[in-house]
Amino acid sequence: MVDYRLLSIFSLWLLSFLAMPLQAGPKIESWFTTGGARVMFVHAPELPMLDIELVFDAGSARDKNSQGLALLTNALLPDGAGDWSADQIAERLESVGAEIDIGSGRDMAWVSVRTLTESQALETAVETLATVVSAPRFRLADFERNREAMLVSLSQGEQSPGTVAGKAFFKALYGEHAYAGYRGGSRESLAALSTSDVKAFYQRYYVARNALVAIVGAVDRRQAEQLAERVTAGLTAGEHAPQPPKVSSLEKAKEVIKPFPSSQSHILMGQPGVYRGDPDYFTLYVGNHILGGSGLVSLLSEEVREKRGLSYSIYSYFSPMRRSGPFIVGAQTQNARADEALTVIRKTLQHYIDEGPSETELTAAKQNITGGFPLRIASNSKIIGYLAMLGFYDQPLDYLNTFVDKINAVTREQIREAFARRIDPTRFVTVVVGNGKKAQSGQ
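Residues numbered from 1 in each chain as written. Predicted model: local features only at pLDDT ≥ 70, side-chain atom pairs only at ≥ 80, totals over all residues. Heavy atoms only, no water.

Draft legend 1. Expanded view of the layout of surface pockets. In this structure, the largest pocket occupies an estimated 670 Å³ of space. Around the largest pocket, the lining is made up of 29 residues, and of these K64, Q67, A180, G181 and Y182 lie nearest the centre. Elements supplying a minimum of two residues to the lining of the largest pocket: helix 5 (140-158), helix 6 (161-174) and helix 7 (187-192). For the lining of the largest pocket, the leading source of residues is helix 6, giving three residues. Residue composition of the lining of the largest pocket, by class: ten nonpolar, nine polar and ten charged. (1 Å grid on protein atoms, 1.4 Å probe; cavity = no way out; pocket = protein on both sides within 12 Å on 5 of 7 lines; lining within 4 Å. Points joined across faces, edges and corners; volume = space filled by probe spheres on them. Helix = DSSP H or I, 4+ residues; strand = E, 2+ residues; numbered from the N terminus. Nonpolar A, V, L, I, M, F, W, Y, C, P; charged D, E, K, R; others polar.)

What follows is the structure, encoded as structure tokens:
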């Protein structure tokens, strides 16, 4: 249901923001709660709103041999906590116009609340958030319902060539590393899970020293400190999760061809890329913007889509994580032209590695990235996303203030050197899901 009060407030704030002179990023303050949780705070007094997000080092990389456990645990948090059922939690928040959200990725899992700062709304939202993260029920009926939903999602994913390709890509790319697993689990892993597994996972990873609290809104530092203490008060102190193992480089190329009854072949190519805090990140980020990160004006789009009509969508990106996240080139193409598309992608990538971008391409990329930067921090929800990332990955507090300068400092030679040193197409994982090979051979 659309909350028109929050929507109208957000619209007014966005208009007021756009009318202001462009500024650097917001001032970020950070401290630790008495229980050991790190806090990231931005004072945003323009509108009477507040966003609070609790982030835990509890993503699917912690699943070990129980794929799907991290996602299932996170999904169960708002399905009953303290004295409230899932319906009662929803009714409490809806009655004051507040919203709760949950999510889980490979590195992290989170629970967030958006509310007005009017006293009743704030009190209800904060009390609910604190209870959801510190006193989840984990009832058997809720567990079974969520597990069934994940099984349905698995079945739906099996009908999607894009999902099939993604699973195969991560498995081939990361091998035995914790990043290889599918966060939604498998039929076998989900069948083996129990409420005891969920409770044990929660008790290990949903603890104060493994938590980050991000706060953005119309409260001052003193109020933010009180809020952070309150939403983490029910968590046990615990210990921070250990660093996941480093990702090994690929020793040789891997090719995975999966037949699929689709008219289009889904292609994913890549290798382990960069981690958060990687010294080459900004150089590779700008370089990739030119290569395949700028939509229809990228080099890959020009060669694959515009000149040859091989694909409507072609892209590339780096996905930095705690350890080396993937560098991915992706495309969809007609089955009969899959091999041709692969050849053009490889040729374009190798030419870019050898020659780097032109000065004109680099200037346009910098203007595009820096020109759009103010809109990337133009709302509380966007700022809190950055706070969660910066705090979770221990990035410097001036990250947003120095972002534009770091983009503008990148040179052509740095991009060419970094791509030559970090990207090796001869050891890429290549996944093709479709009927490309069969169509090419006339079968």
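Further notes follow.
Draft legend 2. How the structure looks around the nonpolar core. Y399 and F419 are the most contacted members of the largest nonpolar core, which has 78 residues in total. Apart from residues no more than four positions distant in its own chain, Y399 is found in contact with R276, Y281, F282, Y386, M389 and L390. Residues I52, L76, A109 and V198 belong to the second largest nonpolar core, which totals 56 residues. (Core = buried A, V, L, I, M, F, W, Y, C linked by side-chain atoms within 4.5 Å. Buried < 20%, exposed > 50% of the residue type's maximum accessible area, 1.4 Å probe, protein only. Contact = heavy atoms within 4.5 Å.)

Draft legend 3. Quick peek at the sheet that holds strand 1 (residues 29-32). Taken in spatial order, the six strands make up an open sheet running 1-2-8-3-7-6, and their pairing is mixed. Looking at strand neighbours, the two that pair on one side only are strand 1 and strand 6 (99-104), the edges of this open sheet. Averaged over all adjacent pairs, the angle separating strand axes in this sheet is 15 degrees, with direction ignored. Note: strand 6 against strand 7 (residues 109-116), six bridges, orientation antiparallel. Bridged to D101 within strand 7 is S112. Sitting on the sheet, helix 2 (residues 69-76) is in contact with strand 6 and strand 7, with an inclination near 170 degrees to strand 6. The strands that helix 9 (residues 221-232) touches are strand 1, strand 2 (38-43), strand 3 (49-56) and strand 8 (211-217); relative to strand 8, the one it contacts most, it runs at about 140 degrees. (Pairing = 2+ DSSP bridges. Axes fitted to C-alpha atoms, helices over the stretch in contact; angles between N-to-C directions.)

Draft legend 4. Local environment of the side chain of S379. Take S379: it is sitting in the loop between helix 13 (359-376) and helix 14 (380-392). In this structure S379 comes out as buried when scored by relative accessible area, which is 2%. A distance of 3.0 Å separates the side chain of S379 from the side chain of S381, its partner in a polar contact. (Polar contact = N/O pair within 3.5 Å; in protein donor to acceptor, adjacent residues only side chain to side chain.)

Draft legend 5. Representation of helix 5 in the model. In a regular helix each residue adds 1.5 Å, so 19 residues correspond to 27 Å; helix 5 covers 27 Å between its end C-alpha atoms and thus fits that length. Where helix 5 is concerned, the buried positions are D142, F143, N146, R147, M150, L154 and G157. Looking straight down helix 5, one finds its buried side chains confined to an arc of 130 degrees; they lie on one side. Those residues of helix 5 that are exposed and aimed more than 90 degrees away from the buried face are A141 and Q156. Considering only its buried residues, helix 5 is in contact with helix 2, helix 6, helix 7 and helix 8 (195-205). (Expected span 1.5 Å × (residues − 1). Arc of directions from axis to C-beta.)

Draft legend 6. Geometry of the packing of aromatic side chains. Under the counting rule described, the total for this entry stands at 21 aromatic pairs. Plain terms: the ring middles of F201 and Y205 are 4.7 Å apart, the flat faces sit at 50 degrees to each other, and that makes the pair tilted. Of this pair, F201 and Y205 both sit in helix 8, four residues apart, which is roughly one turn of that helix. Of the two residues examined, F201 and Y205, each falls in the buried class. Aromatic pair F373 and F403: ring centres 4.8 Å apart, planes at 10 degrees, arrangement stacked. You can see F373 sitting in helix 13 and its partner F403 sitting in helix 15 (residues 399-408), a full 30 residues away along the chain. Accessibility assignment for this pair places F373 and F403 in one class, buried. For K167, the ring lying beneath its charged end belongs to Y182, and the centroid distance is 4.3 Å. Above the face of the F392 ring, R322 is positioned so that its terminal group lies 4.4 Å from the ring centre. (Phe/Tyr/Trp six-rings, centres within 6.5 Å; stacked < 30°, edge-to-face > 60°. Lys NZ or Arg CZ within 6 Å of the ring centre and 35° of its normal.)

Draft legend 7. A look at helix 2. For helix 2, the tally of buried residues reaches eight of eight residues, placing the bulk of the element in the interior. Within the sequence span of helix 2, burial applies to L69, A70, L71, L72, T73, N74, A75 and L76. Where helix 2 is buried, its residues contact strand 4 (80-81), strand 6, strand 7, helix 5 and helix 8.

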